[in-house]
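A closer look at the structure
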Amino acid sequence: MHVQMQAATVDRIRRSRDPRKVIKMANDRTVVPAQQIDGAHWRKSTFSGQHACVEVAMLDGGEVAVRHSRQPGGPALVFTPDEWSAFLQGAWHGEFGDR
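Bear in mind that the values here come from a model prediction, so they are computed numbers and not experimental data.

Rules and cut-offs
What you see as residue numbers is a count from 1 along each chain, following the sequence as written. In keeping with the model being predicted, local features are shown solely for residues with a pLDDT of at least 70 and side-chain atom pairs are shown and tallied solely at 80 or more, while totals for entire chains, interfaces and linings include all residues. Side-chain numbers come from the whole structure's heavy atoms, not from hydrogens or water. Counting from the N terminus, the helices are the DSSP runs of H or I reaching at least four residues and the strands are the DSSP runs of E reaching at least two. Think of it in three bands: with a 1.4 Å probe and only protein chains considered, a residue is buried below 20% of the maximum accessible area for its type, exposed above 50%, and partly exposed in between. Exposure was quantified through the Shrake-Rupley algorithm and a 1.4 Å probe, taking into account, for residues, occlusion by the shown protein chains and nothing else. To count toward a patch, a residue needs a relative accessible area above 30% and no salt bridge. Like charges then connect within 9 Å, nonpolar side chains (Val, Leu, Ile, Met, Phe, Trp, Tyr) within 5 Å. When a carboxyl oxygen of Asp or Glu lies within 4 Å of a side-chain nitrogen of Lys or Arg, that pair is called a salt bridge. The predictor rates its confidence in each residue with pLDDT, a number between 0 and 100. Contacts: residue pairs with any heavy atoms within 4.5 Å of one another. In this analysis, the expected span of each helix is defined as 1.5 Å times one less than the number of residues it contains. Within this scheme, the nonpolar core is defined by two criteria: the residues are buried Ala, Val, Leu, Ile, Met, Phe, Trp, Tyr or Cys, and they are joined through side-chain atoms within 4.5 Å. A strand pair is defined by DSSP finding two or more bridges across the two strands.

Time to look at the overall build of the protein. When helices and strands are tallied, the protein shows two helices and six strands. In sequence order, the protein lays out its α and β elements as α-β-β-β-β-β-β-α. Within the protein, buried positions represent 37% of all 99 residues. For the protein, the exposed surface amounts to about 6800 Å²; the carbon and sulfur share of it is 53%.

And the structure:
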């Protein structure tokens, strides 16, 4: 299922420091440098270890940005609320391996 990202979030990211760095991948996934997402408050899970962790930021409009904690200025993937909900449900039900 394809769900469009909120136009306001895309516009806000594009107005940030360097709009040329916003990448729209072939599968319509939006990838941006994490530091360009204005107002993002990044959180790391308390279950994360010291290596290979991800951080998430809840954005205006309900989107969720995800980045690698060891590369805070690196790329961030931005998911719609429906995509994030589907991911959480899949993780909860063990679709990606044992919990």
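We now examine a nonpolar patch on the surface. There is a patch of nonpolar side chains on the surface, built from Phe87, Leu88 and Phe96 and spanning about 310 Å² of accessible area. Secondary-structure assignment places Phe96 in the segment after α2 (81-92). Judged by its relative accessible area of 56%, Phe96 is exposed.

Time to look at the confidence of the model for the protein. Averaged over all residues, the pLDDT of the protein is 76; the fraction at 70 or higher stands at 67%. Low confidence marks residues 1-5, where pLDDT is under 50. Its contacts with residues over four positions away, or in another chain, come to 12 contacts.

This paragraph deals with α2. In this model α2 runs 16 Å from its N-terminal to its C-terminal C-alpha over 12 residues, within 8% of the 16 Å that 1.5 Å per residue would give. The positive-phi residue at the C-terminal boundary of α2 is Gly94, with phi of around 75°.

A few words on the environment of Pro33. Mapped onto the fold, Pro33 is located in strand β2 (residues 30-33). Looking at Pro33, the relative accessible area reads 15%, which means it is buried. In sequence terms Pro33 and Ala76 are 43 residues apart; their C-alpha atoms lie 5.8 Å from each other.

Counting residues in hydrophobic clusters, the biggest one holds 10 residues: Val32, Ala34, Ile37, Ala40, Trp42, Ala57, Leu59, Ala65, Ala76 and Val78. Within the second largest apolar cluster, five residues are counted, among which are Val56, Val64, Phe79 and Trp84.

One can find Val64 in strand β5 (residues 64-68). Residues Val64 and Leu77, 13 residues apart in the sequence, show an inter-C-alpha distance of 8.2 Å. Residue contacts for Val64: discarding those within four places in its chain leaves Val56, Ala57, Met58, Leu77, Val78, Phe79 and Trp84.

Next up on the list: the pairing of strand β6 (residues 75-79). Two faces make up the sheet, and in a regular strand the side chains alternate between them. Judged from the four bridges that link them, β2 and β6 form a sheet pairing that is antiparallel. Within β6, the position partnered with Val32 by the bridge is Ala76. Inspection of the sheet shows β5 paired to β6 by four bridges, in the antiparallel sense. Looking at β6, one finds that Arg67 is bridged to Ala76. A loop of six residues connects β5 with β6, the two strands running antiparallel in sequence.

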